[in-house]
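Per-entry structural report
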Amino acid sequence: MSVEQTARSEHEKSEAETSSSSAPTQSYEKPTTMSGNDTQLESTEQATAEAAHKEETHMDDFAAALESYTLETEPAPSEDNVFKGTVIKITSSHVVVDIGFKSEGLVPIAEVTDAQGNVTCQPGDQIEVMVQRGENEEGAVLLSHERAQRVRVWENIEKAYHSKEPVKGTIVERVKGGVSVDIGVKAFMPGSQVDVHPVRNLDTLKGHEVEVRVIKLNKKRGNIVVSRKAILDEENSAKREKTLEHLEEGSVLTGTVKNLTDYGAFVDLGGIDGLLHITDMSWGRLTHPRDLVHVGDQIQVKVMKFDPDKLRVSLGFKQLTPDPWLDAAERYPIGARVRGRILSV
């Protein structure tokens, strides 16, 4: 065996011994039994860690979705390239426009045609156009009316962004992480910003007209992020402040049934929800809250308990009518014959 092979063999043997000595030894100690509090604490910590991991994953997904949507959008056009021209004539394929250049410009006829197929301009009208790159074979300047309009749309969006004014839009389609909203240009609305409460199926929102607020704007990258939740939160906050002015135990309010559960109904009192428990719905017996109320119903309820710190409200419906058991002895004296209805067997 050569010296080199001998050295290599010794080196490999040394590494194996080092690796073996550094390996963790298995413990045979009897595990200690954890107390109930320790188990609960460990479960709480594990749940907290899992929630933090889910939140971190959600934020990563949101960031990735926002980044991918940004790459798909077109940068905002510059106002410097927008000119006001005069329509000279209209052909079957183009609108000829004079913008003061040596040669006239051409706007595709499709850009000035409405949904019904009517041309929206006439010779002599002034329209805004944007100069495109290049010319056609006859040397006419290529123009775009749509891109010029897009500049004005961006101006309005930027103004709304700084003033925090709401803008109207239409939900176009579902995209990764949220929905695409047409507000004159495509904008991205994250799923968490669609409503105050999570929306399970975003596909059902397609075609809905909504009011949104621009919460992020990057003209250079053509990136717009909007939120409907921001507007709803402000509306609910204003309603809540008004409701709290006259919300107290014993007061009678009108609310809207918002949700039903097996144990009761949640009623929107105006920016704040109250729980109408099934035992406070009727003096009789109910198998389910839907036996008395349905989602969307407007009902009068009585405030039974109110915690101003936690904004928890307990409501009553049966308390608006007298307790039938108070005068039961008078209405049904012993020995009297009465008519009744069999409810269950």
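Residues numbered from 1 in each chain as written. Predicted model: local features only at pLDDT ≥ 70, side-chain atom pairs only at ≥ 80, totals over all residues. Heavy atoms only, no water.

Some points on the overall build of the chain
Stated precisely, the cut-off is as follows: Numbering goes from the N terminus for both helices and strands, where a helix is a DSSP run of H or I of at least four residues and a strand is a run of E of at least two. Any pair of residues with heavy atoms lying within 4.5 Å of one another is described as a contacting pair.
Helix and strand content of the chain: five helices and 15 strands. In the chain, of all internal contacts separated by at least 6 residues, the share reaching a separation of at least 24 is 57%.

Observations regarding helix α4 (residues 229-244)
Here is the rule: Working rule for helices: expected span equals 1.5 Å times residues minus one. Burial here depends on accessible area, computed with a 1.4 Å probe over protein chains only, as a share of the maximum for the residue type. Under 20% is buried, over 50% is exposed, and the range in between is partly exposed. This arc is built from the directions going out from the helix axis to the C-beta atoms.
If you check α4, its first and last C-alpha atoms are 22 Å apart, about what 16 residues at 1.5 Å a residue would give, namely 22 Å. Buried within α4 are the following residues: Ile231, Leu232 and Thr243. Taken end-on, α4 shows its buried residues confined to a sector of 105°, consistent with a single buried face. Contacts made by the buried residues of α4 are with β9 (209-218) and β10 (223-227).

Points about the sheet that holds strand β11 (residues 252-261)
Picture the strands of a sheet paired through backbone hydrogen bonds; they go either parallel or antiparallel. As a reminder of what qualifies: Two strands make a pair as long as DSSP finds a minimum of two bridges between them. All axes are obtained by fitting lines to C-alpha atoms, using only the stretch in contact for helices, and the reported angles, taken between N-to-C directions, cover 0 to 180 degrees.
If you walk around this closed barrel you meet the five strands as β11-β12-β13-β15-β14, and the pairing is mixed. Within this sheet the neighbouring strands show an average axis-to-axis angle of 50°, counted without direction. Relative to strand β15 (residues 312-316), strand β14 (residues 298-307) runs antiparallel, the two being bridged by five bridges. Across the sheet, residue Lys302 finds its bridge partner in β15, namely Gly316.

With respect to the pattern of salt bridges
Proximity of charged atoms lets side chains of opposite charge pair with each other. Inclusion rule: Note on definitions: salt bridges are taken to be side-chain nitrogens of Lys or Arg within 4 Å of carboxyl oxygens of Asp or Glu.
Inspection of the entire model under this criterion finds nine salt bridges. The closest approach of N and O atoms between Lys219 and Glu158, which form a salt bridge, is 3.4 Å. Separated by 61 residues along the polypeptide, Lys219 in the loop between β9 and β10 and Glu158 in helix α3 (residues 145-163) bring together distant segments of the chain. Note that Lys258 and Asp273 form a salt bridge whose closest N and O atoms lie 3.3 Å from each other. With Lys258 in strand β11 and Asp273 in strand β13 (residues 273-277), this pair connects stretches of sequence that are 15 residues apart. Lys258 sits in the partly exposed class, given a relative accessible area of 37%.

Details of the environment of Pro166
With respect to the secondary-structure elements, Pro166 resides in the loop between α3 and β6 (167-175). Judged by relative accessible area, which is 35%, Pro166 ranks as partly exposed. Put simply, Pro166 and Glu211 are 45 residues apart on the chain and 6.0 Å apart in space, counted from C-alpha to C-alpha.

A short note on the nonpolar core
Heads up, the condition is: Residues enter a nonpolar core if they are buried and are Ala, Val, Leu, Ile, Met, Phe, Trp, Tyr or Cys, with the set joined through side-chain atoms within 4.5 Å.
By size, the foremost hydrophobic cluster in this structure holds 20 residues, and its most contacted members are Val181, Ile183, Met189, Ile224 and Val226. Ranked by residue count, the leading element in this core is β9, at four residues. In contact with Ile224, not counting residues within four places along its chain, are Trp154, Ile157, Ile183, Val185, Lys186, Ala187, Phe188, Val214, Lys216 and Leu217.

Here's the deal with the environment of Ile299
Of note, Ile299 is situated in strand β14. Once the C-alpha coordinates of Ile299 and Thr254 are considered, the two residues, 45 residues apart in sequence, prove to be 5.6 Å apart. Not counting the four nearest positions on each side in its chain, Ile299 is found in contact with Leu253, Thr254, Gly255, Val257, Val267, Leu276, Val293 and Phe317.

Overview of the side chain of Lys318
Filter applied, for reference: Residues scored as charged are limited to Lys and Arg (positive) and Asp and Glu (negative), so that His and the chain ends carry no count. Here a polar contact means two N or O atoms within 3.5 Å. Within protein one must be a hydrogen donor candidate and the other an acceptor candidate, and residues neighboring in sequence count only if both atoms are side-chain atoms.
By the element assignment, Lys318 lies in the loop between β15 and α5 (328-331). Within the buried core, Lys318 has no salt-bridge partner, and the shortest N-O distance to an opposite charge, that of Asp280, equals 4.5 Å. There is a polar contact of 2.8 Å between the side chain of Lys318 and the backbone oxygen of Thr279. When sequence neighbours within four positions are dropped, the list of residues in contact with Lys318 reads Thr279, Asp280, Met281, Ser282 and Trp283.

Some details on α3
Quick reminder: α-helices carry 3.6 residues per turn. Residues three or four places apart thus point the same way. End to end, α3 covers 28 Å across 19 residues, agreeing with the expected 27 Å (1.5 Å per residue, within 8%). Of the residues making up α3, those classed as buried are His145, Ala148, Arg150, Val151, Trp154, Ile157 and Ala160. Measuring from the backbone nitrogen of Arg147 back to the side-chain oxygen at the start of α3 gives 3.2 Å, which picks out Ser144 as the cap.

Things to note about the pairing of strand β12 (residues 264-268)
With five bridges joining them, β11 and β12 adopt antiparallel strand pairing. The residue bridging Asn259 from the neighbouring strand is Phe266, located in β12. Here β11 folds back onto β12 in antiparallel fashion, the turn holding two residues. Where β12 folds back onto β13 in an antiparallel hairpin, the turn is made up of four residues, including Gly270, whose phi is positive at roughly 115°.

Describing the confidence of the model for the chain
What counts, and what does not: pLDDT is a residue-level measure of predictor confidence that goes from 0 to 100.
Averaged over the chain, the pLDDT score is 79; the fraction of residues at 70 or greater is 76%. Taken as a whole, residues 1-60 scores under 50 in pLDDT and shows three contacts with residues more than four places along the chain or in a different chain.

Quick look at the packing of aromatic side chains
Stated precisely, the cut-off is as follows: Note on ring pairs: Phe, Tyr and Trp rings are taken, using the six-membered ring of Trp, and paired if centres are within 6.5 Å. Classes follow the plane angle, with under 30 degrees stacked, over 60 edge-to-face and the rest tilted.
In this structure the tally under the stated criterion is two aromatic pairs. Ring centres 5.6 Å apart and planes at 80° place the aromatic pair Phe83 and Phe101 in the edge-to-face group. Note that Phe83 is positioned in strand β1 (residues 82-90) and Phe101 in the loop between β2 (94-98) and β3 (105-108), a separation of 18 residues in sequence.

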